[in-house]
Amino acid sequence: QVQLVEYGGGLVQAGGSLRLSCAASGRTFSSYAMGWFRQAPGKEREFVAAITWRGGTTSYADSVKGRFTISRDNAKNTVYLQMNSLKPEDTAVYSCAVRTSVTIVKYDYWGQGTQVTVSS
């Protein structure tokens, strides 16, 4: 089991920045990668960004490329999502998740989510 807790959500004006943190505990050694997802009201959950624990390889949704940066601190078992140039359409509940398989893109453990609201 892996437990995840997100921090850092809040209310920000358009053009502003926020940094989300996701602290992992438990069987973190079984993790291959960490991802951030978001879900806006009435919409499907969507992928935002991901990073591998060992190599630090990153991937991003097209909608956030150039604005969001995912990073990790292996010593703290923590992943961050730096969000700049925020837009009202970035408003959503942001959740982090753990992917344990190298070959299968499936996220097995999820945090409870943190609300990000961007006002226009």
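Going by the structure above, here's the rest.
Remember, predicted model here, so these are calculated numbers, not experimental data. (Residues numbered from 1 in each chain as written. Predicted model: local features only at pLDDT ≥ 70, side-chain atom pairs only at ≥ 80, totals over all residues. Heavy atoms only, no water.)

Colleague: Honestly, the pairing of strand 5 (residues 46–52) in this entry has me stumped. Any pointers?
Modeller: Looking along a regular strand, one sees side chains alternate from face to face of the sheet. Among the seven residues in strand 5, five count as buried, and that is most of the element. Direction of pairing for strand 4 (residues 33–39) relative to strand 5: antiparallel, over a ladder of six bridges. By the bridge assignment, Gly-35 is partnered in strand 5 with Ala-50. Across three bridges, the pairing between strand 5 and strand 6 (residues 58–60) is antiparallel. The residue of strand 6 that forms the bridge with Ala-49 is Tyr-60. With antiparallel pairing between neighbouring strands as the criterion, strand 5 and strand 6 make up a hairpin whose turn holds five residues, including Gly-56 at a positive phi of roughly 70°. (Buried < 20%, exposed > 50% of the residue type's maximum accessible area, 1.4 Å probe, protein only. Helix = DSSP H or I, 4+ residues; strand = E, 2+ residues; numbered from the N terminus. Pairing = 2+ DSSP bridges.)

Colleague: What am I meant to see in the layout of surface pockets here?
Modeller: Where empty space is left can be seen by rolling a probe of water-molecule size over the atoms. Considering only enclosed or pocket space, the largest pocket measures out at about 180 Å³ in volume. What lines the largest pocket is Thr-28, Phe-29, Ser-31, Tyr-32, Thr-52, Trp-53, Arg-54, Gly-55, Asn-74 and Asn-77. Of the residues belonging to the lining of the largest pocket, the class tally is three nonpolar, six polar and one charged. (1 Å grid on protein atoms, 1.4 Å probe; cavity = no way out; pocket = protein on both sides within 12 Å on 5 of 7 lines; lining within 4 Å. Points joined across faces, edges and corners; volume = space filled by probe spheres on them. Nonpolar A, V, L, I, M, F, W, Y, C, P; charged D, E, K, R; others polar.)

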